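Spelled out, the chains give:
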Amino acid sequence: MKERIRFIINPISGVGKKNTIPPLIEKYLNQDRFEYDIVYTERKGHASDLAREASEEGIDVVCAVGGDGSVHEVGTALIGTKTKLAIIPTGSGNGLARHLKIPLAIKDAIFCINYSKSIAMDTVKVNDKAFLGVGGYGLDAVVAQKFDEHRKRGFFSYIYLTIREFFRFNPINVTIDVDGKVKKLPIVLLTVANASQFGNGFTVSPKSDVTDGELEMVVLKPFSIWSVPSIVYRFFSKKKQRARHSEIISFKNARIRSSKNVAHYDGEPAQIASELSVSVVPHSLQIVVGKTE
């Protein structure tokens, strides 16, 4: 019996790709193995509804075709189900896809689905919300909010907004409680990392592993403007930040209090409560990954 796969396409993710993807699926998907259909999102949050419906129908695999926001919507709806998540990355950052070594070329991403190597990955729960890769409570959250409101998408828009918001940004005061050890400090970034990167190679937590049952809390402290080139270089070269600028804490459960009520989860902006309970949910999502040698 063939496996059933449903492709959920975000028609505004990836310039000009709405009409090119279905013919590529028809051409390269192994139809001796899979029976497929395609649906399109019509609004924010629609992908979650479609993924939930697919799981309830007993669909074997749901493929998110889009960027990190689409992957977040589809993936969080499949947590705790038997339905696998697959990804065809067509967004600006594609952070989780890059971490899982899923090719950015659409044809090659479809070949990964044919190969169908999958893992049971950890996910993250923050109060009543879930995310897959990275979440943040500092400058990255502000940039995610501005990017969501910005009229132009793409990598260069994201870089422009990051630079602009950096010069406007005032450090946020946070309180972190990990295993009863409490710290109060000002931060530029406070990132909870299950996967390693935001996207586009910007690696915030090089050693993060989505199957190890742990999370990393990456704290970037205030720094001088003269340190910016070094810090940016270290993020893109996958090196740890210098100790005076940062700290990485591995944990399973933590509590965070923040002086600002904005966050992002997998790049999607969110309003948050002042106190957050953060925990790893081990092996809670079945996901198709890239081929590794």
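Refer to the preceding data block for the structure.
Just so it is clear, the structure is predicted and the values come from calculations on it, not from any experiment.

## With respect to the sheet that holds strand E10 (residues 189-193)
Next, step 1: One open sheet accounts for six strands, arranged E14-E13-E10-E7-E16-E17; its pairing is antiparallel. Each edge of the open sheet is held by one strand with a lone partner, namely strand E14 (246-251) and strand E17 (268-271). Each strand of the sheet is rotated relative to its neighbour by a mean of 20°, with strand direction disregarded.

## Thoughts on unusual backbone geometry
Next, step 1: Not every positive phi belongs to a glycine, and Asn 127 is a case in point at roughly 50°.
Next, step 2: Inspection of the secondary structure puts Asn 127 in the loop between strand E5 (118-126) and strand E6 (129-131).
Next, step 3: With a relative accessible area of 32%, Asn 127 lands in the partly exposed category.
Next, step 4: The backbone of Asp 179 shows a phi angle near 55°, a positive value even though the residue is not glycine.
Next, step 5: Classification of Asp 179 by relative accessible area gives exposed; the value is 69%.

## Considerations on the pattern of salt bridges
Next, step 1: Within this structure, the stated rule accounts for nine salt bridges.
Next, step 2: Between Arg 6 and Asp 37 there is a salt bridge, with its nearest N and O atoms 2.9 Å apart. Here Arg 6, found in strand E1 (residues 3-9), pairs with Asp 37, found in strand E2 (residues 34-40); they are 31 residues apart in sequence, far enough to count as distant.
Next, step 3: For Arg 6, a relative accessible area of 9% corresponds to the buried category.
Next, step 4: Using a relative accessible area of 30% as the deciding quantity, one classes Asp 37 as partly exposed.
Next, step 5: Overlapping salt bridges bring together Arg 6, Asp 37 and Glu 57 as one network.

## Overview of the packing of helix H2 (residues 46-57) against helix H3 (residues 68-78)
Next, step 1: Across the interface, H2 lies against H3 with an axial gap of 8 Å and an inter-helix angle of 35°. The hand of the H2/H3 crossing is right-handed. Contacts from His 46, Ala 47, Ser 48, Ala 51, Arg 52 and Ser 55 of H2 reach H3 at Glu 73, Val 74, Thr 76, Ala 77 and Leu 78.
Next, step 2: For the contact of H2 with H3, the class distribution of residues is five nonpolar, four polar and two charged.

## What to know about the packing of helix H1 (residues 21-28) against helix H5 (residues 106-115)
Axis angle and axis distance: for two packed helices, these are the angle between their axes and the distance between the axes, and together they describe the pair.
Next, step 1: Closest axis-to-axis distance for the H1/H5 pair is 10 Å, and the angle between their directions is 45°. Here H1 lies oblique to H5, going by the angle between them. Judged by the twist between their axes, the crossing of H1 over H5 is right-handed. Across the interface between the two elements, Ile 21, Leu 24, Ile 25 and Tyr 28 from H1 touch Ile 106, Lys 107, Ile 110, Phe 111 and Asn 114 from H5.
Next, step 2: A breakdown of the residues in the contact of H1 with H5 according to their chemical character gives seven nonpolar, one polar and one charged.

Conventions we followed
- Residues numbered from 1 in each chain as written.
- Predicted model: local features only at pLDDT ≥ 70, side-chain atom pairs only at ≥ 80, totals over all residues.
- Heavy atoms only, no water.
- Pairing = 2+ DSSP bridges.
- Helix = DSSP H or I, 4+ residues; strand = E, 2+ residues; numbered from the N terminus.
- Axes fitted to C-alpha atoms, helices over the stretch in contact; angles between N-to-C directions.
- Buried < 20%, exposed > 50% of the residue type's maximum accessible area, 1.4 Å probe, protein only.
- Salt bridge = Lys/Arg side-chain N within 4 Å of Asp/Glu carboxyl O.
- Left-handed = near helix turned anticlockwise from the far one by under 90°.
- Contact = heavy atoms within 4.5 Å.
- Nonpolar A, V, L, I, M, F, W, Y, C, P; charged D, E, K, R; others polar.
- Parallel < 35°, antiparallel > 145°, perpendicular 65-115°, else oblique.

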